[in-house]
Amino acid sequence: MGSLEWPLVLFTILSQISVGIILVLFWLDQHELKESLFKRGILVSGTFLVAALLVSLFHLGHPEAAYRAITHLSSSWLSREIVMFLLTFAGWLFLLWIVYHPGSNRRTPLLITSILGLLGTLSSAMIYVLPRVPAWNNAAPLVFFFITAVLMGPLVTAILGYKEIAQAQRKSLLHWSIGCLLASIVLFVLYASFIQVNNEGAATVQAYLSSPFFWIRVVIGWLVPLLFLVSPLKTKKALSPNLLLMVVAFTGFGELIGRSLFYLAAAGIHITALF
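Just so it is clear, the structure is predicted and the values come from calculations on it, not from any experiment.

Draft legend 1. Examining the overall build of the chain more closely. Counting its regular elements, the chain contains nine helices and zero strands. Starting at the N terminus, the α and β elements of the chain follow one another as α-α-α-α-α-α-α-α-α. Expressed along its principal axes, the backbone C-alpha trace of the chain runs to roughly 55 × 50 × 25 Å. Each of the 275 residues in the chain was classed as buried or not, and the buried ones make up 48%. Sequence separation of 24 or more characterises 77% of the internal contacts of the chain that already satisfy a separation of 6 or more. With an accessible surface of roughly 12,800 Å², the chain has 70% of that area assigned to carbon and sulfur atoms.

Draft legend 2. Structural view of a nonpolar patch on the surface. Together, Val186, Leu187, Leu190 and Phe194 line one region of the surface with nonpolar side chains, adding up to about 380 Å² of accessible area. As for its position among the elements, phenylalanine 194 is in helix 6 (residues 167-194).

Draft legend 3. Fine view of the packing of aromatic side chains. This model, assessed by the stated rule, comprises 20 aromatic pairs. When the ring of tyrosine 128 is compared with that of phenylalanine 145, the centres are 5.9 Å apart and the planes differ by 65 degrees; the resulting orientation is edge-to-face. Pair noted here: tyrosine 128 is in the loop between helix 4 (107-126) and helix 5 (140-160) and phenylalanine 145 is in helix 5, with a separation of 17 residues, a long-range link. Neither tyrosine 128 nor phenylalanine 145 differs from the other in exposure class; each is buried.

Draft legend 4. Quick look at the packing of helix 4 against helix 5. The N-to-C vectors of helix 4 and helix 5 enclose an angle of 140 degrees; their axes lie 8 Å apart at closest approach. Taken together, the axes of helix 4 and helix 5 lie oblique to each other. The two elements helix 4 and helix 5 meet at a crossing, and its hand is right-handed. On helix 5, the residues that touch Leu118, Thr121, Leu122, Ser124, Ala125 and Met126 of helix 4 are Pro141, Leu142, Phe145 and Phe146. Looking at side-chain class alone, the contact of helix 4 with helix 5 contains eight nonpolar, two polar and no charged residues.

Draft legend 5. How the structure looks around the pattern of salt bridges. Evaluated as defined, the whole model comprises five salt bridges. With a shortest N-O distance of 2.9 Å, aspartate 29 and arginine 106 are connected by a salt bridge. Residue aspartate 29 is located in helix 1 (residues 6-29), and its partner arginine 106 is located in the loop between helix 3 (77-99) and helix 4; the two are separated by 77 residues in the primary sequence. Note on aspartate 29: relative accessible area 10%, which makes it buried. Note on arginine 106: relative accessible area 13%, which makes it buried. Ionic pairing is found between glutamate 164 and arginine 40, a salt bridge with its closest N-O pair at 2.9 Å. Taken as a pair, glutamate 164 in the loop between helix 5 and helix 6 and arginine 40 in helix 2 (residues 35-56) lie far apart in primary sequence, 124 residues in all.

Draft legend 6. Structural context of the packing of helix 7 (residues 199-210) against helix 9 (residues 241-265). Two elements in contact, helix 7 and helix 9, have axes separated by 10 Å at closest approach and are oriented at 140 degrees. The orientation of helix 7 relative to helix 9 falls into the category oblique. Note that helix 7 runs across helix 9; the crossing there is right-handed. Across from Thr204, Ala207 and Tyr208 in helix 7, the residues of helix 9 making contact are Leu261, Phe262 and Ala265. Tallied by class, residues from the contact of helix 7 with helix 9 come to five nonpolar, one polar and no charged.

Draft legend 7. Up close: helix 2. Compared with an ideal rise of 1.5 Å per residue, which puts 22 residues at 32 Å, helix 2 spans 31 Å between its outermost C-alpha atoms and is within 8% of the ideal. Those residues of helix 2 that sit buried are Leu37, Phe38, Gly41, Ile42, Ser45, Gly46, Leu49, Ala52 and Val55. Considering only its buried residues, helix 2 is in contact with helix 1, helix 3, helix 4 and helix 5.

Draft legend 8. Fine view of the side chain of arginine 106. A polar side-chain atom of arginine 106 sits 2.9 Å from a polar atom in the side chain of aspartate 29. Not counting the four nearest positions on each side in its chain, arginine 106 is found in contact with Asp29, Leu33, Lys34, Glu35, Phe38, Leu95 and Ile98.

Draft legend 9. The arrangement of the side chain of serine 45 in detail. Inspection of the secondary structure assignment puts serine 45 in helix 2. A relative accessible area of 0% means that serine 45 is categorised as buried. At 3.0 Å, the side chain of serine 45 and the backbone oxygen of isoleucine 42 are in polar contact. Non-local contacts of serine 45, meaning those with residues more than four positions away in its chain, are made with Ser18, Ile21, Ile22 and Trp92.

Conventions used here
Residues numbered from 1 in each chain as written. Predicted model: local features only at pLDDT ≥ 70, side-chain atom pairs only at ≥ 80, totals over all residues. Heavy atoms only, no water. Helix = DSSP H or I, 4+ residues; strand = E, 2+ residues; numbered from the N terminus. Buried < 20%, exposed > 50% of the residue type's maximum accessible area, 1.4 Å probe, protein only. Contact = heavy atoms within 4.5 Å. Areas by Shrake-Rupley, 256 points an atom, 1.4 Å probe, with all protein chains shown as cover. Patch = residues over 30% accessible without salt bridge, like charges linked within 9 Å, V, L, I, M, F, W, Y side chains within 5 Å. Salt bridge = Lys/Arg side-chain N within 4 Å of Asp/Glu carboxyl O. Phe/Tyr/Trp six-rings, centres within 6.5 Å; stacked < 30°, edge-to-face > 60°. Axes fitted to C-alpha atoms, helices over the stretch in contact; angles between N-to-C directions. Parallel < 35°, antiparallel > 145°, perpendicular 65-115°, else oblique. Left-handed = near helix turned anticlockwise from the far one by under 90°. Nonpolar A, V, L, I, M, F, W, Y, C, P; charged D, E, K, R; others polar. Expected span 1.5 Å × (residues − 1). Polar contact = N/O pair within 3.5 Å; in protein donor to acceptor, adjacent residues only side chain to side chain.

If you want it as structure tokens, here you go:
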């Protein structure tokens, strides 16, 4: 079985939420993005990104030597991850400058920072596509990591801009979130079905299904948020801010458990052997 490294769990989750928020801000800017929401979204996404970068240092045995990790760009996805997220942070700094200089062009910097963040997420996922870990040597790390970004980003932004986002845009964000939750369930079922072709893959699936935390993740991270999001559609009433906040909390908690199980359940590796 794998081992749980909380710095990696928190780094991946927090960085992906940050990227997701910036993506949504870029999408909203194509329609109507009010200055107050732009400012709030940039500050919150930056908080997540800075926290992710700081917590990642706790995984290193010698944080003062972290700069050496960027010396292998041609061969190391870890080096690429570091560079991409440092560039994402640079893009965020420019967006922060725009926050305090209203009227500046936001669209291009939002697009560039979104692309850099997605490349950072891609690099994070590719670190784990390893032949010696059958549970990871497939598209699963990419799927899980990108779903976190495109699920949590819209939900967090929807609560941040509950009053500023137009009803049609908020409805689109919530519909997108429902789709992401359903896709997450379906893709996990497909993933679990496909990796059972060898002993290590079967052991990983067994570790998932035998863990009470997995079933907590199913209920709290998938089913409860779906229930909260779908119920208002039947009554055609707007989702209240308190209920939306609960959806964000439950979904975020579910992603945290899911990412922890991603590391714990993988058979055939010790995470520390990666670095």
